[in-house]
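Now for the letters of each chain:
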Amino acid sequence: MRAAQKGKAPANAGAVVLSVDAMGGDLGPEATIAGVAKAHRAHPDLHFIIHGPRPQLEPLIAKHDLGECVDLRHAERTVTMEDKPAQVLRNGQDTSMWSAIESVRDKEADVAVSCGNTGALMLISMMRLRKMPGVNRPAIASFWPSRGPAGWNVMLDMGADVKADAEDLLTYALMGTSYARNALGLERPRIGLLNIGTEEHKGRPELREAYELISNAQEAGQFDFAGFVEGNELAGARADVIVTDGFTGNVALKTGEGTAKFVAELLREALTSSVMSKLGALFAMGALKRLRHKTDPRRANGGVFLGLNGTVVKSHGSADATSFAAAIELAARLARSGFGAKLAARVATTLPAGQDETKSGAPSAAEKSESSQ
């Protein structure tokens, strides 16, 4: 294990290097370091810059025998789930989260991974990495289990910004296309725009305007537009990428998680309610295990911040070792594919010529307001 020096290139030139915020998750650094070890066993070529308090992390790194694959970057403090993003932006320079983002900004690492406070992580990422040209509002993209060809759909935005106008939704479609191509291997993804109905005349004016913009961008963006889709099609096979604003996307995500948990509890109660039901569950054990594996949220852990000059993967706050390893493997897959450069190229070459790119260079009014709070 080496103590990394800020500003120095990683020792393994050419290797995939991931910057890991080891702190901030509900289960503490024990889970994140165990996740790093699990991912490294599956992918021995990965190299990590681990950020957090040295006294806590050194014993865990030694316990998992991570050795030469880890550079440890000391960071005194941790961003908690209760911390306000604006306060972290003002006073969080000595936190593990800030340090993890700085490693990507300084080109020491390819992708940052954190399971900390989402609002703080997004604000630090926006202010330190900056938005890429052509992007007004970054987005969080997540996987959604589906009957589509890849077994997953991509949905965005999942809560980076509660608002989105028509041009933002077009940008989300382009970024979602790039993400689906690189993360799921879909050569020509199908884009669906979430609405209250499938008819073209339904929905708010910005949705109807976005419908026309996305439809007109199909050939340049190398995707197929499936039109409006409704909430009951989020897990369907009609679209590979579901585009919506952050408010709607986050509500849909939490609703889906809550419904899945409720159904699992009802199923568990039904299968243990009597001797006969327990016997039936025994005979159906194989099918039940396959169902549990298919719907296990740990397999799809990791929301990706899209639209920044650097890639950030946000792991679920309650991630265990298996979940965090899945987020790391997603980060590594994106790094190997050169995802950041491909995403920037897709946005730059496909957006309409009239779309204002100057607003991506400086902080927005909302960002200035947040940072001054």
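Bear in mind the structure is a predicted one, so any value in this text is a computation, not a measurement.

Some thoughts on the pattern of salt bridges
Reasoning step 1: Applying the stated criterion to the full structure yields 14 salt bridges.
Reasoning step 2: With a closest N to O distance of 3.3 Å, Glu 108 and Arg 73 form a salt bridge. With a gap of 35 residues between them, Glu 108 in the loop between helix 4 (96-105) and strand 5 (111-114) and Arg 73 in strand 4 (residues 70-74) connect regions that are remote in the sequence.
Reasoning step 3: Owing to a relative accessible area of 9%, Arg 73 belongs among the buried residues under this scheme.
Reasoning step 4: Within this structure, Arg 137, Asp 161 and Asp 168 form a network of salt bridges that share partners.

What to know about the pairing of strand 3 (residues 47-52)
Reasoning step 1: Where burial is concerned, most of strand 3 is hidden: 6 out of the 6 residues are buried.
Reasoning step 2: By the alternation rule, side chains of strand 3 split into His 47, Ile 49 and His 51 and Phe 48, Ile 50 and Gly 52, which are all buried.
Reasoning step 3: For the crossover that starts at strand 2 (residues 17-21), traverses helix 1 (residues 28-42) and ends in the parallel strand 3, the hand is right-handed.
Reasoning step 4: Here strand 3 pairs with strand 4 via 5 bridges, running parallel. Within strand 4, the position partnered with His 51 by the bridge is Arg 73.
Reasoning step 5: Regarding topology, helix 2 (residues 54-63) serves as the crossover connection from strand 3 to the parallel strand 4, and that connection is right-handed.

A closer look at unusual backbone geometry
Reasoning step 1: Across the junction of Leu 156 and Asp 157, the peptide omega takes the value 5°, indicating a cis bond.
Reasoning step 2: Among the secondary structure elements, Asp 157 is positioned in the loop between strand 7 (152-156) and helix 6 (166-184).
Reasoning step 3: For Lys 107, which is not glycine, the phi torsion reads 65° and is therefore positive.
Reasoning step 4: Locating Lys 107 in the fold gives a position in the loop between helix 4 and strand 5.
Reasoning step 5: Look at Lys 107 and you get exposed, because its relative accessible area is 68%.

With respect to the nonpolar core
Reasoning step 1: If you look at the biggest cluster of nonpolar residues, it comprises 70 residues, and the most contacted ones within it are Phe 48, Ile 50, Tyr 179 and Leu 193.
Reasoning step 2: At 11 residues, the largest contribution of residues to this core is made by helix 6.
Reasoning step 3: Ignoring any residue separated from it by four or fewer positions in sequence, one finds Ile 50 in contact with Val 20, Ala 22, Ile 33, Val 36, Leu 57, Val 70, Asp 71, Leu 72 and Arg 73.
Reasoning step 4: Counting residues in hydrophobic clusters, the runner-up holds 34 residues, among them Ile 101, Ala 109, Ala 239 and Ile 242.

Here we look at the side chain of Asp 157
Reasoning step 1: Buried Asp 157, no salt bridge; nearest opposite-charge side chain is Arg 137, N-O distance 7.8 Å.
Reasoning step 2: Residues within four places of Asp 157 in sequence aside, it is in contact with Pro 138, Ala 139, Ile 140, Tyr 172, Thr 244, Asp 245, Gly 246, Gly 249 and Asn 250.

Remarks on the packing of aromatic side chains
Reasoning step 1: All told, the structure shown has 5 aromatic pairs when counted by the stated rule.
Reasoning step 2: Residues Phe 143 and Tyr 179 carry aromatic rings whose centres are separated by 5.5 Å and whose planes lie at 10° to one another, so their mutual orientation is stacked. One end of the pair, Phe 143, is in strand 6 (residues 139-145); the other, Tyr 179, is in helix 6, with 36 residues separating them in the sequence. Across this residue pair, the class does not change: Phe 143 and Tyr 179 are buried.
Reasoning step 3: Aromatic ring contacts, followed pair by pair, group Phe 143, Trp 152, Tyr 179 and Phe 339 into a single cluster.

Side note on the packing of helix 1 against helix 2
Reasoning step 1: Direction vectors running N to C along helix 1 and helix 2 enclose 40°, while the axes themselves pass 10 Å from each other. One element, helix 1, and the other, helix 2, form an angle in the oblique class. Handedness of the crossing formed by helix 1 with helix 2: right-handed. Where helix 1 approaches helix 2, its residues Pro 29, Glu 30 and Ile 33 are matched on the opposing element by Gln 56, Leu 57, Leu 60 and Ile 61.
Reasoning step 2: Along the lines of polarity and charge, the residues of the contact of helix 1 with helix 2 split into 5 nonpolar, 1 polar and 1 charged.

About the criteria used
Residues numbered from 1 in each chain as written. Predicted model: local features only at pLDDT ≥ 70, side-chain atom pairs only at ≥ 80, totals over all residues. Heavy atoms only, no water. Salt bridge = Lys/Arg side-chain N within 4 Å of Asp/Glu carboxyl O. Helix = DSSP H or I, 4+ residues; strand = E, 2+ residues; numbered from the N terminus. Buried < 20%, exposed > 50% of the residue type's maximum accessible area, 1.4 Å probe, protein only. Right-handed = clockwise from strand over helix to strand, strands pointing away. Pairing = 2+ DSSP bridges. Core = buried A, V, L, I, M, F, W, Y, C linked by side-chain atoms within 4.5 Å. Contact = heavy atoms within 4.5 Å. Lys, Arg positive; Asp, Glu negative; His and termini not counted. Phe/Tyr/Trp six-rings, centres within 6.5 Å; stacked < 30°, edge-to-face > 60°. Axes fitted to C-alpha atoms, helices over the stretch in contact; angles between N-to-C directions. Parallel < 35°, antiparallel > 145°, perpendicular 65-115°, else oblique. Left-handed = near helix turned anticlockwise from the far one by under 90°. Nonpolar A, V, L, I, M, F, W, Y, C, P; charged D, E, K, R; others polar.

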